[in-house]
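Inside the fold
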There are 2 protein chains.
Amino acid sequence: MSEKKRRGGAAAAGTASSSKKPRVSSAASYAESLRSKLRPDASILTSLRALASAAASSSKSKAALKYPADQDPSVDPASSYIVVADQDTTSVTSRINRLVLFAARSILSGRGFSFAVPSRAASNQIYLPDLDRIVLVRRESARPFANVATARKATVTARVLSLVHAVLRRGIHVTKRDLFYTDVKLFGDQSQSDAVLDDVSCMLGCTRSSLHVVASEKGVVVGRLIFADDGDRIDCTRMGVGGKAIPPNIDRVSGIESDALFILLVEKDAAFMRLAEDRFYNRFPCIILTAKGQPDVATRLFLRRLKVELKLPVLALVDSDPYGLKILSVYMCGSKNMSYDSANLTTPDIKWLGVRPSDLDKYRVPEQCRLPMTDHDIKVGKELLEEDFVKQNEGWVKELETMLRTRQKAEIQALSSFGFQYLTEVYLPLKLQQQDWI
Amino acid sequence: MSEKKRRGGAAAAGTASSSKKPRVSSAASYAESLRSKLRPDASILTSLRALASAAASSSKSKAALKYPADQDPSVDPASSYIVVADQDTTSVTSRINRLVLFAARSILSGRGFSFAVPSRAASNQIYLPDLDRIVLVRRESARPFANVATARKATVTARVLSLVHAVLRRGIHVTKRDLFYTDVKLFGDQSQSDAVLDDVSCMLGCTRSSLHVVASEKGVVVGRLIFADDGDRIDCTRMGVGGKAIPPNIDRVSGIESDALFILLVEKDAAFMRLAEDRFYNRFPCIILTAKGQPDVATRLFLRRLKVELKLPVLALVDSDPYGLKILSVYMCGSKNMSYDSANLTTPDIKWLGVRPSDLDKYRVPEQCRLPMTDHDIKVGKELLEEDFVKQNEGWVKELETMLRTRQKAEIQALSSFGFQYLTEVYLPLKLQQQDWI
């Protein structure tokens, strides 16, 4: 109420708009009027509960959601795709031992040694509609030591295998940069050790996190989630407004528990902060996480773990621009250069909650809070329209077409024009009530 | 021991170096030999305890470390520098009320209204050796509404004051981006609302965090620290390897407790991860924090709070390059564009623990793990030599001169060439034992 008054007063103090564009004051009062459309929270919660249990039961029948270790396609040499899986230390170590034994026997028999390395060329990275993600086609090439063209790379491969073995034996985790620095002379520059690390991951059929080589993390999580990080019990309802940093090493995460009804995936930390400060998860039980922009590997692994173990629907709150959708695509289908690990990094079936291009008119976001799309934005938008993962969702195609037709984009923050807490008090509750996601 | 063997084996398998540069194997064995120089932890701890209590008693006498609110120079109009201070909501609100009442009275008396705005021009930002930080010289200019040149800016100022007032009344925190979006039409672009927000901060003599406008956070903390984040008790020894995200709103942090002997400030998250995974803080009680590169406002505020309340020595672990030193300078002296807030953002008396240019030879970091400085690196290094904050520390000048003479730089990660855990097992303990900081 006081917010309403404040905004009214502010609009009166401001300059009046004479254009045909919606005026700030009328847009604000319309936006405020949506508050009255809100049903009591209990009623919204009932439908969310139904949704959550539907998600739990449907996921049981979806192969794509099964933990890869269940089926372990990586040990199936007949499979036409390379799919790496999480493996425990013992399993990875014995796979390395097997490779090295094989090489040793080959040397003893006078044939020298060679590694069979899967090709990760772009032409081998394809999107599979059935699996709804990018995968790597199995096509191996030999990397013999006794060949001038490949001797160096075979040596690097052997060295990376030995380093990974040492890391696993010590039970620690290292970064790619650490790995590079252990033998700068051999590796030359980091792109070489990084590339061979990916090769090794494919060769062993293990995820990079199984190799205990981790990426730096930038994600944070807050809300109705309890888990153990390296044995420490973390209650994410008691992580203040700053939240808990998502751990870089997913294999140290265990004991995931939650009474949440959904996972809210947020593109940016500003919106995350609003949700955390307002303790949105106490009104609508949920887990809120963000990678603060472009998703990093640790956040993607963490989201997938949550989805797989808790079987909750995932709703995404991103900017209404082509990059918002691109971020969704990375979470859902993976990025091309890690296609071999897409099974572990991707979370299928994320719903696009908002901010969607159609929301701009629906919520009467004032014209001046919308931004014109640049030529580059339009180019990216058009490219997205050609992507399989967009095409298979009719709703998304329509939204993207709306965006490209109006040539307008908007950030989540644009909702602040209706009041700083409009996002948590009106927009999201109404979205949840209307189950307005696609 | 097994690590030693592994490295020896690896070196044997590698190519032998014939140059005059230290060979990897000999450097590695020398590095390993340093392990034997380590005294028992109890002995190192005794000296650290002496250091911590010395820091606690010396800081009592240092004005620079007093909480600015103690003296509140911001309400002293006779002061020749503008120093903003943390103020509680009631105080900020009444300051805004006073400004607005003054304006109202001025209008009623027929004189219109005008704001007296401190000038934040670069020429007003100077480094004070006594205070050891950059401050803003008090020089105010009038911003009258009844003047074509300033009418718009006066309106923007009034609007920002009213928005801040509303945020404070609601008891919430918002980002600069939120603020901008509440009136895009008036502000035009975000740089304008941001600039006026800084003006308002200076006018009111309050820090930006007192205005409840927060920056997004990217820092993490782990170790011997307990604090409350928005009322939630956080025990940073139980935050796994991921650590606790440093909260964006420092005023929600309270109840800081610690049995640490020092604060370890780390430049990068790779080193942070190593320290967190090895639970270094259990061996040497400390608080470990990082801003993951260039320090953000939230991390700087948090570090200062820790230093002020716990009176612990702060030791910094940064890359041995000009940017490592530049990062130290931002923590210690502030950045120029926030000079008016330097008292709250800066932490004086940070010791440069490592990796220092002299460490490269001292620890015999292999040549191939050092990188040649680029022309730009050298330019930045030479500029640093001219900075007052470097000049006043003879040790730093010498180190920087060494860096520029050898034209070599190295990352913290370069220590991984002696083993992944060399940093936590040998390098840092030896540094602490030898009190090797400047």
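What you see is a predicted model; the values in this text were computed from it and never measured. (Residues numbered from 1 in each chain as written. Chains lettered and ligands numbered in written order. Predicted model: local features only at pLDDT ≥ 70, side-chain atom pairs only at ≥ 80, totals over all residues. Heavy atoms only, no water.)

Re the UniProt feature "active site" (unreviewed entry) in chain A
The UniProt record annotates "active site" (unreviewed entry) at Tyr181 of chain A. For Tyr181 of chain A, the location among the structural elements is in helix α7 (residues 176–181). Tyr181 of chain A sits in the buried class, given a relative accessible area of 1%. Apart from the residues within four sequence positions on either side, Tyr181 of chain A is in contact with Cys369, Leu371, Glu411, Gln413, Ala414, Ser416 and Ser417 of chain B. (UniProt positions renumbered as here; feature names shortened; annotations may be inferred. Helix = DSSP H or I, 4+ residues; strand = E, 2+ residues; numbered from the N terminus. Buried < 20%, exposed > 50% of the residue type's maximum accessible area, 1.4 Å probe, protein only. Contact = heavy atoms within 4.5 Å.)

Focus on the interface of chain B and chain A
Between chain B and chain A, the residue contacts involve 65 residues of the former and 66 residues of the latter. Around 5700 Å² of area is buried between chain B and chain A when both sides are counted, 51% of it from carbon and sulfur atoms. Sorting the residues of chain B by area buried against chain A places Arg170, Tyr181 and Phe420 of chain B first, and these three jointly supply 13% of that buried surface. The tally of links from chain B across to chain A stands at 10 salt bridges. Here Glu277 of chain B ties to Arg252 of chain A by a salt bridge, and the two come within 3.3 Å at their closest N and O atoms. Among the elements that take part in the side of chain B that touches chain A, helix α6 (residues 151–170) of chain B stands out by supplying six residues, more than any other. (Buried area = accessible area lost by both parts, 1.4 Å probe. Salt bridge = Lys/Arg side-chain N within 4 Å of Asp/Glu carboxyl O.)

Some remarks on the environment of Arg98 of chain B
Residues and elements named next belong to chain B. One can find Arg98 in helix α5 (residues 89–108). Judged by relative accessible area, Arg98 falls into the exposed class, the value being 56%. Along the backbone, Arg98 and Leu204 are 106 residues apart, and their C-alpha atoms lie at a distance of 9.9 Å.

Re unusual backbone geometry
The omega angle of the peptide bond from Gly354 of chain A to Val355 of chain A is -15°, so this bond is cis rather than trans. The residue Val355 of chain A is located in the loop between β16 (350–354) and α15 (357–362) in this model. The backbone phi angle of Arg279 of chain A is positive, close to 45°, even though this residue is not glycine. You will see that Asp349 of chain B, though not glycine, has its phi angle at about 60°, which is positive.

A short note on the sheet that holds strand β9 (residues 226–229) of chain B
All names here are of chain B. One open sheet accounts for three strands, arranged β10-β9-β12; its pairing is antiparallel. The open sheet is flanked by β10 (232–235) and β12 (253–257), the only strands paired with a single partner. Averaged over all pairs of adjacent strands, the angle between their axes in this sheet comes to 20°, without regard to strand direction. As paired elements, β9 and β12 share three bridges and run antiparallel to each other. Within β12, the position partnered with Ile226 by the bridge is Glu257. (Pairing = 2+ DSSP bridges. Axes fitted to C-alpha atoms, helices over the stretch in contact; angles between N-to-C directions.)

Digging into the relation of the copies chain B and chain A
By a simple turn and slide, chain B fits onto chain A: the slide is 0.0 Å along the axis, the RMSD is 0.0 Å, and the turn is 180°. Each copy turns onto its partner about a two-fold axis. Mapped onto chain A, 100% of the interface residues of chain B are again interface residues, and the two copies thus contact each other with one and the same surface. (Least-squares fit on C-alpha atoms with pLDDT ≥ 70 in both.)

Some points on the sheet that holds strand β10 (residues 232–235) of chain A
All names here are of chain A. The three strands are arranged β10-β9-β12 in an open sheet whose pairing can be described as antiparallel. Each edge of the open sheet carries a strand with a single partner, namely β10 and β12 (253–257). With strand direction ignored, the average angle separating the axes of adjacent strands in the sheet is 20°. Contacts from helix α12 (residues 297–310) reach β9 (226–229) and β12, with the element oriented near 45° to β12.

Looking at the packing of helix α10 (residues 269–277) of chain A against helix α19 (residues 422–433) of chain A
Residues and elements named next belong to chain A. Where α10 contacts α19, the two axes come as close as 9 Å, and the packing angle between them is 95°. When the axes of α10 and α19 are compared, the pair comes out roughly perpendicular. Contacts between α10 and α19 involve Ala271, Arg274 and Leu275 from the former and Leu423, Thr424 and Leu428 from the latter. (Parallel < 35°, antiparallel > 145°, perpendicular 65-115°, else oblique.)

Brief notes about the pairing of strand β13 (residues 262–266) of chain A
Residues and elements named next belong to chain A. Burial of β13 is extensive: five of the five residues sit out of reach of the surface. With burial as the criterion, each face of β13 is covered, one bearing Phe262, Leu264 and Val266 and the other bearing Ile263 and Leu265. In this sheet, strand β15 (residues 314–317) lies alongside β13 in parallel orientation, the contact comprising four bridges. Note that in β15 the partner of Leu265 across the bridge is Ala316.

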